[in-house]
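Listed here are the chains, written in short residue letters.
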Amino acid sequence: LFADDVRGNVVNKYMGETKTVYFDTSTGSDANDGTLWTSAKKNIKQYIETLPKNLNGKTITLYFRGNITGGFELNGFHNGTLQVSGDTSTTRYKVYGYANVNHCTDGKFLFQGFDVVYDATSTPNFTMCAAYHSDYVQFYSVKAYGNGGGKYGFWAEHSDVILGECHVYNVTDRGLYAVDLSKVYVENCRGAGVVAVLASSGSMVTGVGTRWSGSLVRWNNGNIGAVNSGNTGWTLDVWTVDTAEGT
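Description of the structure in this document. The structure displayed is predicted, hence computed values, not measured ones.

1. Things to note about the environment of Thr123
Here is step 1: Checked against the element boundaries, Thr123 lands in the loop between β10 (105–117) and β11 (127–132).
Here is step 2: Residue classification places Thr123 among the buried residues on the basis of a relative accessible area of 10%.
Here is step 3: For Thr123 and Ser200, which are 77 residues apart along the polypeptide, the C-alpha to C-alpha distance reads 23 Å.
Here is step 4: When sequence neighbours within four positions are dropped, the list of residues in contact with Thr123 reads Gly97, Val117, Tyr118 and Met128.
Here is step 5: Of the polar contacts made by the side chain of Thr123, one reaches the backbone oxygen of Gly97; its length is 2.8 Å.
Here is step 6: Polar contacts involving the side chain of Thr123 include one to the main-chain amide nitrogen of Asp119, which spans 2.8 Å.

Here you go:
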(Lines give C-alpha, C1' and ligand atoms only; values in the text may rest on other atoms or scores of the structure.)
Protein backbone atom coordinates (compact mmCIF):
# COMPACT_ATOMS: atom_id res chain seq x y z
CA LEU A 1 0.00 0.00 0.00
CA PHE A 2 1.02 3.59 -0.65
CA ALA A 3 0.66 6.27 2.01
CA ASP A 4 -2.47 7.61 0.32
CA ASP A 5 -4.05 4.13 0.14
CA VAL A 6 -5.34 4.51 3.69
CA ARG A 7 -7.52 7.31 5.06
CA GLY A 8 -8.12 6.83 8.73
CA ASN A 9 -9.02 3.15 9.04
CA VAL A 10 -10.40 2.94 5.49
CA VAL A 11 -8.38 1.51 2.61
CA ASN A 12 -8.38 4.18 -0.09
CA LYS A 13 -8.43 1.83 -3.09
CA TYR A 14 -10.81 1.96 -6.04
CA MET A 15 -12.95 -1.19 -6.02
CA GLY A 16 -15.14 -0.51 -9.05
CA GLU A 17 -14.78 -1.32 -12.74
CA THR A 18 -13.37 0.71 -15.62
CA LYS A 19 -15.91 3.46 -16.31
CA THR A 20 -16.75 6.72 -18.07
CA VAL A 21 -18.52 9.55 -16.22
CA TYR A 22 -20.10 12.65 -17.82
CA PHE A 23 -20.33 16.14 -16.29
CA ASP A 24 -22.20 19.28 -17.34
CA THR A 25 -21.53 22.39 -15.27
CA SER A 26 -24.80 24.00 -16.44
CA THR A 27 -27.45 21.28 -16.59
CA GLY A 28 -25.90 18.44 -14.61
CA SER A 29 -26.79 17.28 -11.11
CA ASP A 30 -24.58 15.40 -8.69
CA ALA A 31 -27.62 13.28 -7.85
CA ASN A 32 -27.35 11.78 -11.36
CA ASP A 33 -25.34 8.67 -12.10
CA GLY A 34 -23.25 10.33 -14.85
CA THR A 35 -23.43 7.38 -17.23
CA LEU A 36 -24.77 9.49 -20.15
CA TRP A 37 -24.85 13.16 -21.12
CA THR A 38 -28.57 13.12 -20.35
CA SER A 39 -27.81 12.01 -16.80
CA ALA A 40 -24.61 14.04 -16.34
CA LYS A 41 -23.23 14.97 -12.97
CA LYS A 42 -22.35 18.60 -12.25
CA ASN A 43 -19.16 19.02 -10.20
CA ILE A 44 -16.19 17.29 -11.83
CA LYS A 45 -13.60 18.78 -9.45
CA GLN A 46 -15.47 17.50 -6.41
CA TYR A 47 -15.75 14.07 -8.03
CA ILE A 48 -12.00 13.93 -8.65
CA GLU A 49 -11.33 14.81 -5.01
CA THR A 50 -13.45 11.89 -3.80
CA LEU A 51 -11.80 9.26 -6.02
CA PRO A 52 -9.53 6.76 -4.24
CA LYS A 53 -5.86 7.45 -4.96
CA ASN A 54 -5.12 3.82 -5.80
CA LEU A 55 -6.96 3.25 -9.08
CA ASN A 56 -6.40 -0.51 -8.78
CA GLY A 57 -5.36 -0.99 -12.42
CA LYS A 58 -8.62 0.46 -13.79
CA THR A 59 -9.29 3.26 -16.29
CA ILE A 60 -11.56 6.15 -15.29
CA THR A 61 -12.52 8.63 -18.03
CA LEU A 62 -14.23 11.90 -17.16
CA TYR A 63 -15.86 14.07 -19.85
CA PHE A 64 -17.10 17.58 -19.14
CA ARG A 65 -19.12 20.36 -20.72
CA GLY A 66 -18.98 23.94 -19.51
CA ASN A 67 -16.21 26.23 -18.31
CA ILE A 68 -14.31 25.51 -15.09
CA THR A 69 -12.95 28.10 -12.68
CA GLY A 70 -10.17 27.68 -10.15
CA GLY A 71 -8.14 25.15 -12.16
CA PHE A 72 -7.84 21.37 -12.30
CA GLU A 73 -5.46 19.11 -10.41
CA LEU A 74 -4.83 15.37 -10.39
CA ASN A 75 -3.01 14.81 -7.13
CA GLY A 76 -1.40 11.62 -5.84
CA PHE A 77 -3.13 9.04 -8.06
CA HIS A 78 -1.37 5.81 -9.02
CA ASN A 79 -1.83 2.29 -10.37
CA GLY A 80 -4.27 3.03 -13.20
CA THR A 81 -5.42 5.50 -15.85
CA LEU A 82 -7.25 8.74 -15.18
CA GLN A 83 -8.37 10.86 -18.13
CA VAL A 84 -10.08 14.27 -18.03
CA SER A 85 -11.47 15.43 -21.39
CA GLY A 86 -13.50 18.36 -22.57
CA ASP A 87 -16.33 17.60 -24.97
CA THR A 88 -15.18 19.23 -28.21
CA SER A 89 -18.13 18.13 -30.37
CA THR A 90 -19.64 21.64 -30.49
CA THR A 91 -17.14 24.01 -28.84
CA ARG A 92 -13.95 24.15 -26.77
CA TYR A 93 -14.52 24.72 -23.09
CA LYS A 94 -12.19 26.74 -20.88
CA VAL A 95 -10.44 25.95 -17.62
CA TYR A 96 -9.52 29.21 -15.91
CA GLY A 97 -6.36 28.95 -13.86
CA TYR A 98 -4.37 25.78 -14.47
CA ALA A 99 -4.32 22.05 -15.26
CA ASN A 100 -1.76 20.19 -13.14
CA VAL A 101 -0.70 16.61 -12.50
CA ASN A 102 1.06 16.26 -9.16
CA HIS A 103 2.86 13.16 -7.82
CA CYS A 104 0.88 10.72 -9.99
CA THR A 105 2.79 7.51 -10.74
CA ASP A 106 2.54 3.95 -12.04
CA GLY A 107 -0.18 4.72 -14.56
CA LYS A 108 -1.33 7.13 -17.26
CA PHE A 109 -2.74 10.58 -16.56
CA LEU A 110 -4.28 12.57 -19.38
CA PHE A 111 -5.76 16.04 -19.90
CA GLN A 112 -7.42 16.44 -23.29
CA GLY A 113 -9.52 18.76 -25.41
CA PHE A 114 -9.90 22.08 -23.57
CA ASP A 115 -8.29 25.52 -23.22
CA VAL A 116 -6.40 26.62 -20.12
CA VAL A 117 -6.64 30.36 -19.61
CA TYR A 118 -4.43 32.43 -17.32
CA ASP A 119 -6.27 33.83 -14.33
CA ALA A 120 -4.49 36.24 -12.01
CA THR A 121 -6.23 34.88 -8.91
CA SER A 122 -5.82 31.15 -9.50
CA THR A 123 -2.89 30.42 -11.86
CA PRO A 124 -0.05 29.16 -9.60
CA ASN A 125 3.46 30.46 -10.32
CA PHE A 126 2.21 31.92 -13.62
CA THR A 127 2.14 28.38 -15.09
CA MET A 128 -0.91 27.14 -16.98
CA CYS A 129 -0.18 23.41 -17.41
CA ALA A 130 2.27 21.41 -15.31
CA ALA A 131 3.43 17.94 -14.33
CA TYR A 132 5.31 17.54 -11.05
CA HIS A 133 7.06 14.30 -10.04
CA SER A 134 4.77 12.19 -12.22
CA ASP A 135 5.17 9.58 -14.91
CA TYR A 136 3.31 9.09 -18.20
CA VAL A 137 1.50 12.38 -18.22
CA GLN A 138 -0.13 13.41 -21.49
CA PHE A 139 -1.58 16.72 -22.57
CA TYR A 140 -3.43 16.29 -25.85
CA SER A 141 -5.21 19.08 -27.73
CA VAL A 142 -4.80 21.43 -24.79
CA LYS A 143 -4.37 25.14 -25.60
CA ALA A 144 -2.65 27.39 -23.07
CA TYR A 145 -3.56 31.09 -23.30
CA GLY A 146 -1.27 33.32 -21.23
CA ASN A 147 -3.19 36.53 -21.96
CA GLY A 148 -0.04 38.50 -21.26
CA GLY A 149 0.07 37.37 -17.60
CA GLY A 150 0.94 33.70 -17.82
CA LYS A 151 4.69 33.10 -17.83
CA TYR A 152 4.86 29.42 -18.84
CA GLY A 153 2.55 27.42 -21.09
CA PHE A 154 3.76 23.97 -19.98
CA TRP A 155 6.07 22.94 -17.14
CA ALA A 156 7.61 19.50 -16.49
CA GLU A 157 9.46 18.86 -13.23
CA HIS A 158 10.97 15.41 -12.68
CA SER A 159 8.24 13.98 -14.93
CA ASP A 160 7.71 12.08 -18.17
CA VAL A 161 5.34 14.05 -20.40
CA ILE A 162 3.88 13.87 -23.89
CA LEU A 163 2.55 17.05 -25.51
CA GLY A 164 0.44 16.26 -28.58
CA GLU A 165 -1.44 18.83 -30.67
CA CYS A 166 -0.98 21.40 -27.89
CA HIS A 167 -0.89 25.17 -28.38
CA VAL A 168 0.70 28.08 -26.48
CA TYR A 169 -0.21 31.75 -26.95
CA ASN A 170 0.67 35.09 -25.39
CA VAL A 171 2.94 33.84 -22.60
CA THR A 172 5.56 36.20 -21.26
CA ASP A 173 8.41 33.68 -21.22
CA ARG A 174 8.57 29.97 -22.08
CA GLY A 175 6.22 27.77 -24.01
CA LEU A 176 7.78 24.72 -22.31
CA TYR A 177 10.12 24.58 -19.33
CA ALA A 178 11.53 21.12 -18.53
CA VAL A 179 13.58 20.73 -15.32
CA ASP A 180 15.01 18.09 -12.98
CA LEU A 181 15.57 15.12 -15.30
CA SER A 182 12.22 15.43 -17.07
CA LYS A 183 11.59 13.75 -20.41
CA VAL A 184 9.18 15.57 -22.72
CA TYR A 185 8.04 14.51 -26.18
CA VAL A 186 6.59 17.33 -28.31
CA GLU A 187 4.54 16.33 -31.34
CA ASN A 188 2.64 18.64 -33.71
CA CYS A 189 2.35 21.53 -31.29
CA ARG A 190 1.70 25.12 -32.36
CA GLY A 191 1.71 28.71 -31.23
CA ALA A 192 4.23 31.28 -30.03
CA GLY A 193 6.51 31.75 -27.04
CA VAL A 194 9.40 34.06 -26.21
CA VAL A 195 11.47 30.96 -25.52
CA ALA A 196 9.89 27.96 -27.22
CA VAL A 197 11.68 25.32 -25.12
CA LEU A 198 14.04 25.53 -22.18
CA ALA A 199 15.57 22.23 -21.03
CA SER A 200 17.49 22.32 -17.75
CA SER A 201 19.04 20.09 -15.09
CA GLY A 202 19.51 16.98 -17.22
CA SER A 203 16.08 17.15 -18.83
CA MET A 204 15.50 15.91 -22.37
CA VAL A 205 13.05 17.37 -24.87
CA THR A 206 12.52 15.80 -28.27
CA GLY A 207 9.71 15.03 -30.71
CA VAL A 208 8.51 15.28 -34.30
CA GLY A 209 6.34 17.46 -36.49
CA THR A 210 5.76 21.07 -35.47
CA ARG A 211 6.40 23.29 -32.45
CA TRP A 212 5.47 26.79 -31.35
CA SER A 213 7.81 29.62 -32.30
CA GLY A 214 10.60 30.96 -30.09
CA SER A 215 14.20 30.11 -29.26
CA LEU A 216 15.56 26.78 -27.99
CA VAL A 217 17.63 27.07 -24.82
CA ARG A 218 19.44 24.51 -22.66
CA TRP A 219 20.98 24.92 -19.22
CA ASN A 220 22.82 22.56 -16.86
CA ASN A 221 23.09 19.52 -19.16
CA GLY A 222 19.63 19.85 -20.60
CA ASN A 223 19.15 18.30 -24.04
CA ILE A 224 16.95 19.38 -26.91
CA GLY A 225 16.51 17.13 -29.91
CA ALA A 226 18.32 14.18 -28.31
CA VAL A 227 16.98 10.77 -29.23
CA ASN A 228 18.24 8.81 -26.24
CA SER A 229 20.02 9.33 -22.96
CA GLY A 230 23.41 8.77 -24.60
CA ASN A 231 23.05 11.95 -26.65
CA THR A 232 24.21 14.67 -24.27
CA GLY A 233 24.73 18.34 -24.85
CA TRP A 234 22.43 18.58 -27.85
CA THR A 235 20.54 21.61 -29.05
CA LEU A 236 18.95 20.38 -32.24
CA ASP A 237 15.71 21.70 -33.72
CA VAL A 238 13.90 18.52 -34.80
CA TRP A 239 10.64 20.39 -35.55
CA THR A 240 9.30 22.97 -37.96
CA VAL A 241 7.63 26.08 -36.56
CA ASP A 242 3.86 26.53 -36.79
CA THR A 243 2.49 29.69 -35.16
CA ALA A 244 -1.17 28.81 -35.95
CA GLU A 245 -3.39 31.37 -34.16
CA GLY A 246 -0.29 33.42 -33.38
CA THR A 247 0.16 34.48 -37.02
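2. Description of the side chain of Arg174
Here is step 1: Along the polypeptide, Arg174 turns up in strand β16 (residues 174–179).
Here is step 2: Exposure remark for Arg174: the relative accessible area of 10% places this residue in the buried category.
Here is step 3: Ignoring anything within four residues of it in the chain, the contact list for Arg174 reads Lys151, Tyr152, Gly153, Val195, Leu198 and Trp219.

Reading the values: rules and limits
Residues numbered from 1 in each chain as written. Predicted model: local features only at pLDDT ≥ 70, side-chain atom pairs only at ≥ 80, totals over all residues. Heavy atoms only, no water. Helix = DSSP H or I, 4+ residues; strand = E, 2+ residues; numbered from the N terminus. Buried < 20%, exposed > 50% of the residue type's maximum accessible area, 1.4 Å probe, protein only. Contact = heavy atoms within 4.5 Å. Polar contact = N/O pair within 3.5 Å; in protein donor to acceptor, adjacent residues only side chain to side chain.

Function cannot be inferred from these measures alone, as they are strictly geometric.
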